[in-house]
Amino acid sequence: MTEKIYSKRSFFRQYIGSKQGVIGAVMLLLVIMTALFAPWIAPYDPYEPISATTEDVLAPPGPGHLLGQDEIGRDVFSSVVFGARISLLVGFAASLIMILLGCTVGLVSGYVGGRLDILLMRITDGVLVIPSLPLMLVIIAVAGRGIGLIIMVIGLFSWPYTARVIRAQVISIKERQFVMRAKAIGVSHFGIVMVHILPQVLPVIFASITLDISAAILAEAGLSFLGLGDPTLISWGSMINQAFSRGAVSRGAWWYLVPPGFLLAWVTLGLNLVSNAIQEIVNPRLRTHNLFDERKILSLLGRLRNYPSSQGGE
Amino acid sequence: MDKIENIIRKFGFNLVTLVVVIVFNFYLFRIVPGDPVAMMASPRMKPETRELIREQFGLDKPLWLNFEGMRAEGEISTLFESQFVYYLKNLAKGDLGQSFRQNKPVAELIGARIGPTVLLILTGEFIGILFGTLLGIISAWKARGMIDVTTQIVGLIAYSLPSFWLGIILLMLARGYLPSGGYVTLGVTYATTIEHWLDIGKHLVLPASTLALLLFGAYLLIVRNSTLEVLSEDYILTAKAKGLSSFQILWKHALKNASLPLITIIAMDLGYALGGAIQIETIFSWPGLGRLMFEAIGQRDYPVLQGAFLLLAVSVIMANFLADLTYSLLDPRVED
C-alpha cells in the first residue's frame, strides 16, 4: 500500500480534469508565445525611433495600427506585444529568487525544526510584516531604476509567504511512515529531503510559483506606474504610467490605456486559475462539505474515491 | 500564565522588527551616492539652513558610532556622537527632518496627510470586507452551483486586476458624473459642516470603490475557502442532524469560525492595502500619504520619503501585533 500523497500520474490526470486549470494554462501559454515571438507578431519595433506627425499623436485604432498610436506616435499594439517580454521576464526572474529563498527556508525550517525553525520563522515573519510596495518604492527611488535591481528587490522581499506554505507542507509530511522508514534504513537527511520530501511538496511549490510570478508582475507594474520602472524598457506598467501622465484619460484614448491593463489582468488571472486548480487537488476539503446536497456528495465521492486525502487521516 | 508569556514574546519580537526597520530606514538613505549633506540638504537651501541641518543630523560625524572621537577626547559619551544616534534622538522627539522642496518639517507634512489616507483605507476596507464576506459565505454554501461559479469568477477577476489600472478605468467611465480628483471642490465655502462632509464623500466614491474592489476579490476567495473548510467539519453535520436550518448553521457556526482567519488577513493585508492606496491616491490626487510619497519620489525629496515609509511600516507592524493579540484572545486553540 502506498502512503505517498501524490503520484505524478494521478496529479497530472486530476489537473487535466480541472476546467480552471486547463483554461489558466492555455491563457498563460498564449502570453508566453506572444513574448517569445514578439518580433514576428508586432508590426513595428517600439524601440526604434520614429518620426511622427501631429496626426499620429494618440491616433485611434485604424488600418495599420490595430490599437491606435501613443503620445509620440508609436504603435500601441507593438508596444503591448513587446511589453509582454519585460513583464514576463520580471515575473519569472523575480519568482525564481523567491522560490529559491522560500524553498530553502521552508524545507530547512520544516525539516530541522527546533530552534533553527523558530529563528527562521521569526525572520520570515519580520520580512512578511514590512509593507512590500512602499519598501520596494523607497529602495528603488534611492538606489536607481535598473531592471536588475527591480528584479532583485521584488525577489528579495516577497519570499516569506512561499517559505511559510512550504514549511507547513513539510511538517505535515515528515512524520509519515515512508519518511520514517527511509530514516530507519539510514538514508541521510539530505537524501530524505531531496528524494522523499521534496517530490511530495512539489505541487505546493508549483502553486506558490504561479502566485509568486503574478505578484512579481503586478509589483513591477505598480512600480513602473509610479514612475520607478526601468526608463529604457517598455513594460505594461510603464505604458499605463505614460498613458496616464500624458493625457490619455482626458483625451479618452482607451486604446492606449486598456490593452496593457487587460494583459496584466489576463496573465494574473491565468496564473491564479492554475494555482487554484493545484490547490484544489492538494486540499480536497475545498471540494465538498456537509451542507452539500447528498446526491452531489455521492457523485463527487465517486470521483474522489481513488485519490487519498492530503489532510492525513493516518 | 502561558498566554501572558506568549504576548510578551510576541511584543519583543515585534520590537526587534521595529528596530530593524528603523536601522534599515536610516541606513538606506545614507548609502545614496554622493555627499550626505548634499543628500540631506537641497542645494537650493540657504547656507544657514544647510548648516542647521548639518548640525542637527550630525552629518560631519561618523555613521554608527564615534570611536575616533572617543579615543581622541577620552570621553565615553563622545562615542554616541554619531549620525545614527542623532537620528534616533530626533526620532524620539518626533523630528523627521526638513523637507527639501517645501520649507516645512517632514512631520508636519506627513501629519496633514494621515487623515485622508485613514479615511480612504477605512472606507475601502469596510466595503471590501462587507461584500467579500457576504458573497464568500454564500459562494461556499452553494459551492459548485451557478452563484458560486459566478462569484468566484468575479472575485478572481477583481483579484487579478491591477488596482491602479482599475482606478484609471473607473476614472474614465465616471468622467462628468463624479469629481475626478482631489479631496474637496476647490474654491468652495461651505454653509454647514454636513455640506463639507458630503463634498468629501463625493470625492471619496471613486478612490474608495477602487480600493474596495481590489480588496473584495481577495476577501471573497479567502472567506469562501475557509467557510468550505469549516463546513466540512463534523460539528456541522451534527448541527444539521439536530435539525438546524442551513441559514442557522451558516450564521451560528460557519460565520464565526470562518471569519477568524479574516482578522489576521486584514491586518496582514494592511501593507498591501497601503501599497494600493499609494497608487490609488496618485490617480485621484487624493491628498494622503501615498500621494505625498509619489510627489516626494518625483521631487527627490528624500526626508519626506523616509519619514512616510517609517510611518507606514510602524503602523503595519503595530496592526499585526494587535491582530495577533485579538486572534489569540478569540481562538482558545491558539497556543503559539
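Residues numbered from 1 in each chain as written. Chains lettered and ligands numbered in written order. Predicted model: local features only at pLDDT ≥ 70, side-chain atom pairs only at ≥ 80, totals over all residues.

## Here's the deal with the overall build of chain A
Under the convention used in this document: Secondary structure is summarised from DSSP: a helix means a run of H or I of at least four residues, a strand means a run of E of at least two, and numbering begins at the N terminus for each. Using C-beta atoms placed from the backbone, we call a residue buried if 20 or more other C-beta atoms fall within 10 Å of its own, exposed if 12 or fewer do, and partly exposed for counts in between. Here, residues touch in the contact sense if the C-beta positions derived from the backbone fall within 7 Å of one another.
Check the secondary structure of chain A and you find 13 helices and zero strands. Moving toward the C terminus, one meets the helices and strands of chain A in the order α-α-α-α-α-α-α-α-α-α-α-α-α. A total of 314 residues make up chain A; the buried ones form 46% of that total. Contacts in chain A between residues at least 24 apart in sequence constitute 72% of all its contacts with a sequence separation of at least 6.

## A word on the overall build of chain B
Looking only at helices and strands, chain B has 14 helices and zero strands in total. Counting helices and strands in the order they occur from the N terminus, chain B gives α-α-α-α-α-α-α-α-α-α-α-α-α-α. Considering chain B as a whole, with its 336 residues, one finds that 40% of them fall into the buried category. Sequence-distant contacts, at least 24 apart, represent 68% of the contacts inside chain B between residues at least 6 apart.

## Side note on the confidence of the model for chain A
Residues and elements named next belong to chain A. Under the convention used in this document: The quantity called pLDDT is the predictor's confidence in a given residue, expressed from 0 to 100.
Averaged over all residues, the pLDDT of chain A is 80; the fraction at 70 or higher stands at 85%. The secondary structure element of chain A with the lowest average pLDDT is helix H13 (residues 294-304), at 44, and the one with the highest is helix H7 (residues 147-157), at 91. Across residues 293-314 the pLDDT falls below 50, and counting only partners more than four positions away or on other chains, this stretch makes 14 contacts in the model.

## Quick look at the environment of A:Pro43
Residue and element names in this part refer to chain A. Position of proline 43 relative to the elements: it lies in the loop between helix H3 (38-41) and helix H4 (76-112). You can call proline 43 exposed: it has 11 C-beta atoms within 10 Å. Residues proline 43 and alanine 207 lie 164 residues apart in sequence; the distance between their C-alpha atoms is 36 Å.

## Re helix H8 (residues 160-174) of chain A
All names here are of chain A. Keep this limit in mind: Helices are assigned an expected span. That span is 1.5 Å times one less than the residue count.
With 15 residues, H8 should cover 21 Å at 1.5 Å per step; its first-to-last C-alpha distance of 21 Å lies within 8% of that length. Among all positions in H8, only Pro160, Thr162, Ala163, Arg164, Ile166, Arg167, Gln169, Val170 and Ile173 are buried. Contacts made by the buried residues of H8 are with H4, helix H5 (114-129), helix H9 (177-184) and helix H10 (189-225).

## Re the environment of B:Glu229
Relative to the helices and strands, B:Glu229 is located in helix H9 (residues 193-231). In this structure, the C-alpha to C-alpha distance between B:Glu229 and B:Ser160, residues 69 residues apart in sequence, is 24 Å.

## Topic: the interface of chain A and chain B
Contacts between the two partners involve 37 residues from chain A and, on the opposite side, 48 residues from chain B. Among the secondary structure elements, those contributing two or more residues to the side of chain A that touches chain B are H5, helix H6 (132-143), H10, helix H11 (236-245) and helix H12 (254-282) of chain A.

## Remarks on the packing of H4(A) against H7(A)
Residues and elements named next belong to chain A. Formally: An axis is simply a line fitted to the C-alpha atoms; with a helix, the fit covers only the stretch in contact. Between two such axes, the angle follows the N-to-C directions and lies from 0 to 180 degrees. Geometric relationships in this document are graded by angle, where less than 35 degrees denotes roughly parallel, more than 145 denotes roughly antiparallel, 65 to 115 denotes roughly perpendicular, and other angles denote oblique. Two helices crossing with the near one rotated counterclockwise from the far one by less than a right angle form a left-handed crossing, whereas a clockwise rotation gives a right-handed crossing. Note that Gly is not counted as nonpolar here; it falls among the polar residues with everything else outside the nonpolar set of Ala, Val, Leu, Ile, Met, Phe, Trp, Tyr, Cys and Pro and the charged set of Asp, Glu, Lys and Arg.
Two elements in contact, H4 and H7, have axes whose closest approach is 8 Å; the angle formed by their N-to-C orientations is 40 degrees. For the element pair H4 / H7, the angle class is oblique. Like other packed secondary-structure pairs, H4 and H7 cross with a definite hand, here right-handed. Contacts between H4 and H7 involve Val90, Ala93, Ala94, Ile97 and Met98 on the former and, on the latter, Ile150, Ile151, Ile154, Gly155 and Leu156. When the residues that make up the contact of H4 with H7 are grouped by side-chain class, the tally is nine nonpolar, one polar and no charged.

## Quick look at the nonpolar core
Here is the rule we go by: By our criterion, buried Ala, Val, Leu, Ile, Met, Phe, Trp, Tyr and Cys residues that link up through C-beta atoms within 7 Å make up a nonpolar core.
Formed by 160 residues in total, the largest nonpolar core has its most connected members in A:Met136, A:Leu137, A:Ile154, B:Met293, B:Leu305 and B:Ala308. Not counting residues up to four positions away in its chain, the partners in contact with A:Met136 are A:Val153, A:Ile154, A:Phe157, A:Ala219 and A:Leu223.

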